[in-house]
Amino acid sequence: MSDPAIRVRDESGIGVVEIDHPPVNALARPVRAALLEAIERLAHDPAVQAIVIHGCGRHFIAGADVREFDAPPAEPLLHEVLNRVEALDKPVIAALHGTTLGGGAELALASHYRCATPDLSFGFPEIKLGLLPGAGGTVRLPRLVGIRRALELMTSGTPIGIAAARELGLVDHELRGDVLAGAVAFARERIAAGAPPRRTTDLPMPAPESPTVFADARAALSAAARRVPASEAIIAAVEASASQSWRAALAAARERFDACRRSTESRALRHLFFAERVPPPAGTPQPVATVGVVGAGTMGSGIAIAAAAAGLEVTLVDAQDAALAAGLGRIERHFADAQRKGRLDAAGAAAATARVRGATTLEALAPVDLVIEAVFESLEVKRGVFAELGRACRPGAVLATNTSTLDVDAIAAASGRPADVVGMHFFSPAQVMRLLEIVRGRDTAPAVLATAFALGKRLGKIGVVVGNGFGFVGNRMLYAYGREKELMMLEGATPIEIDRALETFGMAMGPNAVGDLAGLDIGYAVRRGWRERPDDPRFYRVSDLLVEQGRLGQKNGRGFYRYEPGGRRGTPDPEVDALIRAEAERLGIARRAIGADEIVERCMLALIDEGVRLLEEGIAARASDIDLVWCHGYGFPRERGGPMFYADTLGLGHVLERIRCYARTRGPRYWTPTASLERLARDGGRLADEPSAPTTSATGRG
Ligand code: 3HC
């Protein structure tokens with residue numbers, strides 16, 4: 001056999017092909033070559049009456065090898081191997097279990113029979129990588145499950161379990177116990193019954209369930225899905241199949257696959273796929289079974305929900321009885337809702353709720369393994385809490401602060417045990433948002449950092465280790481991004497023009513709508529707390545003005561927009577436009593019409609520039625970490641890969657030239673390119689290729 005990943009053996013007339021290519025049996029080129037060789041050998045072995053294909057380990061096959069997609073496809077091509085499997089004149093049985101995705105699911109469809117164990121997760125996640133199923137999925141799946149369901153499965157990328165797979169006829173036989181033994185027994189039954197090979201492509205392409213089935217599929221795409229060319233490519237490939245032979249349809253689908261593979265959107269999504277699998281920091285994590293959360297507000301109760309949902313015992317502390325009761329109430333309602341929506345059964349919801357208990361003093365945290373502080377964002381308040389935690393918690397317990405902007409070292413110093421202290425910056429709502437910034441303080445012990453990272457993973461978060469500097473990565477970049485949109489409002493853009501331009505670019509929400517949702521007074525209070533404020537009267541002047549006029553956002557129905565009572569969609573308010581115009585006049589700023597292109601460009605360049613500075617300062621270790629922060633914490637469009645990936649797609653020479661252009665037209669105050677951007681642009685480099693640096697604790701904080 002050309003690759004040890006494939007083993008073949010004869011079990012009394014049943015040829016067993018075992019794919020053993022950890023971690024996920026991805027169909028890399030050598031695996032494809034060996035698989036082809038194996039089935040040819042078994043096809044020509046007269047003693048073999050049927051063939052069983054089995055994937056070793058936890059997965060059947062997780063798909064094609066995504067790492068190969070940066071280069072043109074190498075032979076043998078997956079669809080050719082699968083066509084050969086289907087063409088065999090001995091029955092081929094796919095023994096499915098666990099993850100059966102993408103190219104793995106396509107191999108199952110090309111097999112003549114499919115049996116599976118109850119842990120099956122079967123699906124076509126290609127769309128999440130900006131691809132379409134390129135090895136026959138668009139041709140075979142509709143023939144088996146009908147056009148509507150095939151389109152749903154392939155455009156959503158959501159896998160189905162055994163029950164749905166059986167109902168759709170994708171699985172012929174459910175196995176109990178050992179998958180391989182069951183599949184071999186099933187193969188013997190097929191032979192005994194004289195069952196012939198059963199080729200999916202022999203089935204006719206089914207008639208559309210309704211004349212509007214393709215239009216319906218297009219209409220069902222979300223705005224984000226529409227921005228990924230593969231969504232339309234999937235629908236068009238199935239639509240075209242209706243009037244073509246399966247071979248012609250497959251050839252056309254291959255062309256579409258290759259175009260998608262080369263698209264910026266797919267490259268961006270693949271970049272994020274690998275960035276999301278960040279290696280853990282060095283250090284051995286300490287075991288964590290019990291967690292304390294200090295502060296029962298929205299953030300604290302969200303963190304408690306996330307921890308309880310992950311099976312941890314939680315003690316929620318708030319000195320105020322009423323605040324504690326409100327927090328515990330929120331947690332109970334969350335799990336009751338989860339039960340009502342069918343995400344948890346009654347026992348699961350009751351157990352999760354019971355895992356959280358309340359307390360009003362920090363002494364209750366004496367035995368816990370790890371504490372997350374989520375009290376009011378004030379250095380004095382947090383230092384007070386950490387001084388008490390340092391005394392109350394057992395030696396070795398990890399003490400984490402959820403600060404979003406403050407100096408973790410200053411908080412750590414108050415505890416008297418700074419090696420135990422780390423930042424764990426959750427994003428609101430903490431039970432939903434996947435981003436977790438893990439802040440390495442100057443004295444944070446490696447084991448403490450590793451413990452925070454491991455806990456984040458357990459809570460289902462994407463943990464990104466960042467250095468200790470004002471706003472860490474996300475919020476510091478947010479200030480640069482927000483600064484530009486604020487300046488542009490004074491220069492002539494309206495709040496809704498800003499939001500529309502950035503939402504059309506792909507941001508989940510425009511920055512003004514986000515401000516109204518979060519409460520404009522929050523950012524205002526943070527800016528008041530700065531020790532060094534920029535000496536620029538225009539800096540965040542519009543937001544400040546709104547707060548000073550009593551416009552706090554959705555919470556009081558008036559912010560950048562006006563809101564109906566209880567409403568979440570704001571409408572533009574002429575009063576706000578008048579306020580901004582008057583302020584611009586007071587500051588002597590000439591107003592002009594600002595187009596969507598300029599709005600997007602200035603906001604993106606501000607983000608990119610600040611990101612490059614964070615890399616230079618070692619606050620971010622690698623460009624892909626910044627991309628994770630922005631895609632998972634701030635609604636940056638995934639198909640653009642994050643601000644740093646986006647900068648690389650623009651070309652750093654172009655980025656530099658545009659920053660220099662703004663330096664000429666708008667002044668150098670915010671538009672001075674960094675040395676590393678100049679260097680990379682000169683050398684034709686990419687941010688993605690910058691070597692990663694250990695994160696640091698910055699000096700000279702704002
Ligand atoms: N190709 C290459 N590497 C892959 C891979 C793939 N398809 N799937 C997973 N891996 C790697 C991961 O990068 C990771 O590597 P690392 O240990 O070096 O970081 C390792 O396998 C383990 O992956 P996870 O950390 O994600 O492990 P989990 O157990 O949490 O999840 C999984 C396993 C559900 C299989 C998840 O990895 C996954 O969803 N993989 C992607 C599946 C996919 O998108 N398949 C479609 C591929 S495209 C295709 O098939 C095209 C075809 O139509 C022609």
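Scoring rules and cut-offs
- Residues numbered from 1 in each chain as written.
- Predicted model: local features only at pLDDT ≥ 70, side-chain atom pairs only at ≥ 80, totals over all residues.
- Heavy atoms only, no water.
- Helix = DSSP H or I, 4+ residues; strand = E, 2+ residues; numbered from the N terminus.
- Contact = heavy atoms within 4.5 Å.
- Buried < 20%, exposed > 50% of the residue type's maximum accessible area, 1.4 Å probe, protein only.
- 1 Å grid on protein atoms, 1.4 Å probe; cavity = no way out; pocket = protein on both sides within 12 Å on 5 of 7 lines; lining within 4 Å.
- Points joined across faces, edges and corners; volume = space filled by probe spheres on them.
- Nonpolar A, V, L, I, M, F, W, Y, C, P; charged D, E, K, R; others polar.
- Near = heavy atom within 4 Å.
- Polar contact = N/O pair within 3.5 Å; in protein donor to acceptor, adjacent residues only side chain to side chain.
- Areas by Shrake-Rupley, 256 points an atom, 1.4 Å probe, with all protein chains shown as cover.
- Domains from an automatic or database assignment.
- Phe/Tyr/Trp six-rings, centres within 6.5 Å; stacked < 30°, edge-to-face > 60°.
- Lys NZ or Arg CZ within 6 Å of the ring centre and 35° of its normal.
- Pairing = 2+ DSSP bridges.

(A) How the structure looks around the environment of isoleucine 39. Mapped onto the secondary structure, isoleucine 39 falls in helix 1 (residues 29-43). In this structure, the C-alpha to C-alpha distance between isoleucine 39 and glycine 474, residues 435 residues apart in sequence, is 51 Å. Setting aside anything within four residues of it in sequence, one finds isoleucine 39 in contact with Val81, Arg84, Val85 and Leu88.

(B) Structural detail: helix 4 (residues 137-145). By the criterion of burial, helix 4 is predominantly enclosed, with eight of the nine residues buried. Within helix 4 the residues assigned to the buried category are Gly137, Thr138, Val139, Arg140, Leu141, Pro142, Arg143 and Val145. Taken from the residues just after helix 4, glycine 146 is the one with a positive phi, measuring 90 degrees.

(C) Summary view of empty space enclosed by the protein. Under the counting rule described, the total for this entry stands at one cavity of 30 Å³ or more. The volume enclosed by the largest cavity comes to roughly 30 Å³. Along its surface, the largest cavity is lined by Val408, Asp409, Ala412, Pro418, Val421, Gly441, Arg442, Asp443 and Thr444. Examining the composition of the lining of the largest cavity, we find that three residues originate from one element, helix 17 (residues 408-415), more than from any other. Counted by class, the lining of the largest cavity contains four nonpolar, two polar and three charged residues.

(D) Expanded view of the site of the ligand. In the region of the ligand, 24 residues are neighbours, and Ala62, Ala64, Glu106, Glu126 and Arg277 sit closest. Alanine 64 places a main-chain nitrogen or oxygen 2.8 Å from an oxygen atom of the ligand. Between arginine 277 and the ligand, the recorded distance is 2.7 Å, taken from a side-chain N or O atom to an oxygen atom. Isolated, the ligand exposes 980 Å² of accessible area, and the fraction of that covered by the protein chains is 72%. In the shell around the ligand, the residues fall into 13 nonpolar, six polar and five charged.

(E) Up close: the domain arrangement of the chain. Looking at the assigned domains, one finds that the chain contains domain 1 (6-262), domain 2 (290-468) and domain 3 (475-689). When each unit is reduced to the centre of its C-alpha atoms, the spacing between domain 1 and domain 2 is 43 Å.

(F) Representation of the packing of aromatic side chains. Here the structure, examined in full by the defined rule, presents 13 aromatic pairs. An aromatic cluster is present here, built from Phe427, Tyr481, Trp630 and Tyr634 joined pairwise through their rings. Over the ring of phenylalanine 273 we find arginine 277, and its NZ or CZ is 3.8 Å from the ring centre.

(G) Local environment of unusual backbone geometry. Note the cis peptide between glutamate 75 and proline 76, where omega equals -5 degrees. Assignment of secondary structure puts proline 76 in the loop between strand 3 (50-55) and helix 2 (78-87). Even without a glycine there, the phi angle at serine 12 is positive, about 45 degrees. Along the polypeptide, serine 12 turns up in the loop between strand 1 (6-11) and strand 2 (14-19). Since its relative accessible area comes to 64%, serine 12 is described here as exposed. Phi is positive for asparagine 25, close to 55 degrees, though the residue is something other than glycine. Considering the arrangement of structural elements, one finds asparagine 25 in the loop between strand 2 and helix 1.

(H) Structural context of the sheet that holds strand 2. What the six strands build is an open sheet, ordered 1-2-3-4-6-8; its pairing is mixed. Only two strands of the sheet have a single neighbouring strand rather than two, namely strand 1 and strand 8 (173-174). For strand 3 and strand 4 (residues 92-96), the ladder comprises four bridges, and the chain directions are parallel. Of the residues in strand 4, the one forming a bridge with isoleucine 53 is alanine 94.

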